[in-house]
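Close look at the chain arrangement
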Amino acid sequence: MSRVGIPIIGALRGHVITGGFELALACDILIGSTTTSFRDTHVKFGLAPCWGLSQKLTQRIGPGRAKVVSFSAQPLRAERAYEWGLLDELVDDDKVLDRAVELSDKISSNDQLMVRRYKRAMIEGGSMTLHNGLQRERELGL
């Protein structure tokens, strides 16, 4: 999903478990409801993450918190997920989809070539040193 040029917004309600958790982490922006909870059950069932959960969760919330979530296989509630930076926005349950559409409309009203370049710079730069990331930003015309 990181190869998709446009931003992907995940609108989450209810339980986001294991494979669904991995798919959510592939989104650029996560909007969750107060009923959202995340749970990584890979270790519970002896499964290896295969879509990047071990790396993406660590990047998103930090190594210590990611270890707590993944090693314990316990649910992470919406409020804590928001506090830790896993959720970008937290809204009432009945507002999740409306907020995702509203944000999508705002993004789509901008220069789409620049949105695509910006996303690419953020993704590529995330695995580079600051110096190299700034150089890549210039190469992309930002």
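To be clear, the structure that these remarks concern was listed above.
These remarks concern the structure in this document.

Let us look at the sheet that holds strand E1 (residues 9-12). Taken in spatial order, the three strands make up an open sheet running E1-E3-E6, and their pairing is parallel. Of all strands in the sheet, those bounded by a partner on one side alone are E1 and strand E6 (89-91). Averaged over all pairs of adjacent strands, the angle between their axes in this sheet comes to 20°, without regard to strand direction. Alignment of strand E3 (residues 29-33) against E6, held across three bridges, turns out to be parallel. Bridge pairing links Ile-31 to Glu-89 in E6.

A few words now on helix H3 (residues 63-72). Every buried residue of H3 is listed here: Ala-66, Val-69 and Ser-70. Projected down its long axis, H3 shows its buried positions confined to an angular sector of 85°, all on one face. Where H3 is buried, its residues touch helix H1 (19-25), helix H2 (53-61) and strand E5 (76-77). Two residues or fewer past H3, Ala-73 is found with a positive phi of approximately 60°.

Going residue by residue along E1, you find Gly-10 and Leu-12 tucked away on one face and Ile-9 and Ala-11 left uncovered on the opposite face. Sheet analysis places E1 next to E3, joined by four bridges and oriented parallel. Bridge pairing in E3 links Ile-9 to Ile-29.

This paragraph deals with the nonpolar core. Counting residues in hydrophobic clusters, the biggest one holds 20 residues, and the most contacted among them are Phe-21, Phe-38, Leu-57 and Leu-86. Once residues lying within four places of it in the same chain are set aside, the contact partners of Phe-38 are Leu-12, Val-16, Phe-21, Gln-74, Pro-75, Leu-76, Ala-81, Leu-86 and Leu-87. Counting eight residues, the second largest nonpolar core, distinct from the first, contains Ile-29, Val-91, Ala-100 and Leu-103.

Taken as a whole and judged by the stated rule, the model has one aromatic pair. Aromatic side chains Phe-21 and Phe-38 sit 5.1 Å apart centroid to centroid with 45° between the ring planes, which places their arrangement in the tilted category. Linking Phe-21 in helix H1 with Phe-38 in strand E4 (residues 37-39), this pair joins segments that are 17 residues apart in sequence. Like Phe-21, the residue Phe-38 is buried in the burial classification.

Time to look at unusual backbone geometry. Of note, Thr-18 is a non-glycine position whose phi angle comes to about 50°, a positive value. The topology assignment puts Thr-18 in the loop between strand E2 (15-17) and H1. Here Thr-18 falls in the buried class, since its relative accessible area comes to 12%. Of note, Ala-73 is a non-glycine position whose phi angle comes to about 60°, a positive value. Mapped onto the fold, Ala-73 is located in the loop between H3 and E5.

Quick notes on the rules
Residues numbered from 1 in each chain as written. Predicted model: local features only at pLDDT ≥ 70, side-chain atom pairs only at ≥ 80, totals over all residues. Heavy atoms only, no water. Pairing = 2+ DSSP bridges. Helix = DSSP H or I, 4+ residues; strand = E, 2+ residues; numbered from the N terminus. Axes fitted to C-alpha atoms, helices over the stretch in contact; angles between N-to-C directions. Buried < 20%, exposed > 50% of the residue type's maximum accessible area, 1.4 Å probe, protein only. Arc of directions from axis to C-beta. Contact = heavy atoms within 4.5 Å. Core = buried A, V, L, I, M, F, W, Y, C linked by side-chain atoms within 4.5 Å. Phe/Tyr/Trp six-rings, centres within 6.5 Å; stacked < 30°, edge-to-face > 60°.

The values reported here are purely geometric and, on their own, carry no functional implication.
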